[in-house]
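Chains, contacts and geometry: an overview
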Amino acid sequence: MKNPLESVALQETPTPQTFNEQAYLAVNPDVAEAVRLGKIRSGWSHFRKFGHIEGRRQKVAEDEPATLENFDEARYLAANPDVRRAIELGQFASGRAQFDAFGRVQGRRQRRASDIPALRARKLAAVRPLLLDPETPLSNSGKFIFSDDAAFRAEAGDDDMPISENGYDDETVEWIEGLADGLILDVGAGYRPVYYSNVVNFEMMDYATTDVVGAAHRLPFRDGAFDGVISIAVLEHVKDPFGCAAEIARVLKPGGWLKCCVPFLQPLHGYPHHYFNMTHEGLRTLFEGRLTIERQEVTNPTHPVWAIAWQLRSWAQGLPPRARKQFLRTRVEDLIAYPGPLLEKPWARELPREKLFELAAATILYARKPAADAAAKPIANSPP
């Protein structure tokens, strides 16, 4: 596929001038929790003291000030439903008429223009011949939808369900960039803070970055469709992980690579459901016989310190105020803070391999579908 690699960032590095409290807390749930517990006054306080040094990010604003130079009717009405209603009532001829008369003085805003629809259209044009049914029409939002509405709503849960919103680690980004002319399937992508032109975001929830809506146990793609597959923290949420693993292996090209991460020692976290945590042996069993397992690792993002911090933090949150205060006096407060700096402690760095797998927050599997000529190179710590 000749598809020049492009990406759209949905997160940004804030500055004192662009800092937005809500956008910052949305991307940094540990900071939001610290604010809720009264450990820090606000996200702004955290950013000034720590966040700018740690390289923390915030959501890119979805709107922008409307001006004479950038005014766009559709984006203005999308951001101002009261103006849209006024037009329907005949009070204004158009959004532009309202803007000229009042909106400009009122400091009205409009939706920010996005490059995602154009990138998605080009991407899904390349995906269409890879579908089991290439005649599948696009939805009104320009996506492929493979789900029964009633069943989808029942499976998805309520509207208050947390959004799964995580970025890729550096290794995964290198792999994506190394396949600029290929296509990668991200099964259970959630809401990705960077939108890539060569990654097909497959999700049961229709997020802004979703390309194809469907269920992981019934992938709507033909055999051998993708050069790579990413599955990060997904298989614990499906009722049939073996069936999903079979589907993932099926849609991989011969020689294609898989990166799959499933939690081991993590508390219950349902998006919308949570069925199976796995040991590294359990994760391996899902793909043995279908793919060649090349290596398994526990890396910094899945290190045991994350499991410890998560479990202790959840414990503290479940206690009433007086009991929580007593619990924290046992000095576990050092562990339920942001765990990143703990990775440099000797008691974290010097854990032997067997202890890493015993206590890991998750284990990662790397595999490749055997090539027809059995000459595929093994996956190293660099893009394949």
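Anything mentioned here points back to the structure above.
Parameters at a glance
- Residues numbered from 1 in each chain as written.
- Predicted model: local features only at pLDDT ≥ 70, side-chain atom pairs only at ≥ 80, totals over all residues.
- Heavy atoms only, no water.
- Helix = DSSP H or I, 4+ residues; strand = E, 2+ residues; numbered from the N terminus.
- Rg over C-alpha atoms; globule rule 2.2 N^0.38 Å.
- Buried < 20%, exposed > 50% of the residue type's maximum accessible area, 1.4 Å probe, protein only.
- Areas by Shrake-Rupley, 256 points an atom, 1.4 Å probe, with all protein chains shown as cover.
- Lys, Arg positive; Asp, Glu negative; His and termini not counted.
- Charge placed at Lys NZ, Arg CZ, Asp CG, Glu CD.
- Axes fitted to C-alpha atoms, helices over the stretch in contact; angles between N-to-C directions.
- Parallel < 35°, antiparallel > 145°, perpendicular 65-115°, else oblique.
- Left-handed = near helix turned anticlockwise from the far one by under 90°.
- Contact = heavy atoms within 4.5 Å.
- Salt bridge = Lys/Arg side-chain N within 4 Å of Asp/Glu carboxyl O.
- 1 Å grid on protein atoms, 1.4 Å probe; cavity = no way out; pocket = protein on both sides within 12 Å on 5 of 7 lines; lining within 4 Å.
- Points joined across faces, edges and corners; volume = space filled by probe spheres on them.
- Nonpolar A, V, L, I, M, F, W, Y, C, P; charged D, E, K, R; others polar.
- Pairing = 2+ DSSP bridges.
- Right-handed = clockwise from strand over helix to strand, strands pointing away.
- Phe/Tyr/Trp six-rings, centres within 6.5 Å; stacked < 30°, edge-to-face > 60°.
- Lys NZ or Arg CZ within 6 Å of the ring centre and 35° of its normal.

**Thoughts on the overall build of the protein chain**
A tally of helices and strands in the protein chain yields 15 helices and 14 strands. Taking 2.2 N^0.38 as the reference for a compact globule, 384 residues should give roughly 21 Å; the C-alpha atoms of the protein chain span a radius of gyration of 23 Å, in line with that estimate. Dimensions of the protein chain, computed from the C-alpha atoms along their principal axes, are close to 70 × 60 × 40 Å. Burial analysis of the protein chain (384 residues in total) assigns 44% to the buried set. Surface summary for the protein chain: the accessible area is close to 19,900 Å², and the carbon and sulfur share equals 54%. Averaged over its 47 positive side-chain charges, the protein chain has a centre that lies 5 Å from the centre of its 51 negative ones.

**With respect to the packing of helix α12 (residues 304–317) against helix α13 (residues 321–336)**
Across the interface, α12 lies against α13 with an axial gap of 10 Å and an inter-helix angle of 160 degrees. By the angle between their axes, α12 is roughly antiparallel relative to α13. α12 and α13 meet at a crossing whose hand is left-handed. The residues of α13 that touch α12, namely those facing Ile-308, Ala-309, Leu-312, Arg-313, Trp-315, Ala-316 and Gln-317, are Arg-324, Phe-327, Leu-328, Val-332, Leu-335 and Ile-336.

**Some words on the side chain of Arg-108**
The topology assignment puts Arg-108 in the loop between α6 (95–106) and β5 (109–111). Residue classification places Arg-108 among the buried residues on the basis of a relative accessible area of 17%. In contact with Arg-108, not counting residues within four places along its chain, are Pro-65, Ala-66, Tyr-76, Asn-80, Asp-82, Val-83, Gln-98 and Gly-103.

**Let's talk about the pattern of salt bridges**
Per the stated rule, a full pass over the model turns up 22 salt bridges. In this structure, Lys-253 and Asp-227 form a salt bridge, with 3.1 Å as the shortest nitrogen-oxygen distance. Of this pair, Lys-253 sits in strand β12 (residues 252–263) while Asp-227 is found in strand β11 (residues 226–232), placing the two residues 26 residues apart along the sequence. By relative accessible area, which is 30% here, Lys-253 ends up partly exposed. The salt bridge involving Arg-284 is made with Glu-288; its shortest N-O contact spans 3.1 Å. Three or more residues joined by partner-sharing salt bridges are found here, namely Asp-169, Glu-171, Lys-259, Arg-295 and Glu-297.

**Observations concerning the layout of surface pockets**
There is about 750 Å³ of room inside the second largest pocket. Taken together, 24 residues form the lining of the second largest pocket, with Leu-10, Glu-62, Arg-112, Ser-114 and Ala-208 sitting closest to its centre. Residue composition of the lining of the second largest pocket, by class: 13 nonpolar, two polar and nine charged.

**Focus on the pairing of β11**
Within β11, six of the seven residues are buried, which leaves the element mostly enclosed by the surrounding structure. Here strand β7 (residues 184–187) runs beside β11; their pairing, made up of three bridges, is parallel. Bridge pairing in β11 links Ile-184 to Gly-228. Of the strand pairs in this sheet, β11 and β12 are connected by six bridges, and their pairing is parallel. Bridge assignment links Ile-232 to a residue of β12, and that residue is Cys-261. Between the parallel elements β11 and β12, the chain passes through helix α10 (residues 241–251) in a crossover that is right-handed.

**Some points on the packing of aromatic side chains**
Aromatic rings considered in pairs are described by the distance between their centres and by the relative angle of their planes. All told, the structure shown has 17 aromatic pairs when counted by the stated rule. Relative to Trp-44, the ring of Phe-19 has its centre 5.2 Å away and its plane inclined at 55 degrees; by these criteria the two rings are tilted. In this pair, Phe-19 is assigned in the loop between β2 (11–12) and α1 (21–27) and Trp-44 in helix α3 (residues 43–54), connecting sequence segments 25 residues apart. Looking at Trp-44, the relative accessible area reads 31%, which means it is partly exposed. Linked through ring pairs, Phe-19, Tyr-24, Trp-44 and Phe-47 together constitute an aromatic cluster. Here Arg-56 stacks its cationic end above the ring of Tyr-338, 4.6 Å away from the centre of that ring.

**With respect to the sheet that holds β11**
The eight strands are arranged β6-β10-β9-β7-β11-β12-β14-β13 in an open sheet whose pairing can be described as mixed. At either margin of the open sheet sits one strand with a lone partner, and together these are β6 (144–145) and β13 (292–297). Judged from the five bridges that link them, β13 and strand β14 (residues 362–368) form a sheet pairing that is antiparallel. Within β14, the residue paired with Ile-293 across the bridge is Ala-367. Taken strand by strand, helix α7 (residues 116–127) contacts β6, β9 (199–203) and β10 (212–213), and its axis lies near 85 degrees from that of β9. Across the sheet, α10 is in contact with β7, β11 and β12; its angle to β12 comes to roughly 150 degrees.

Interpretation note: all reported values are geometric properties and have no functional meaning in isolation.
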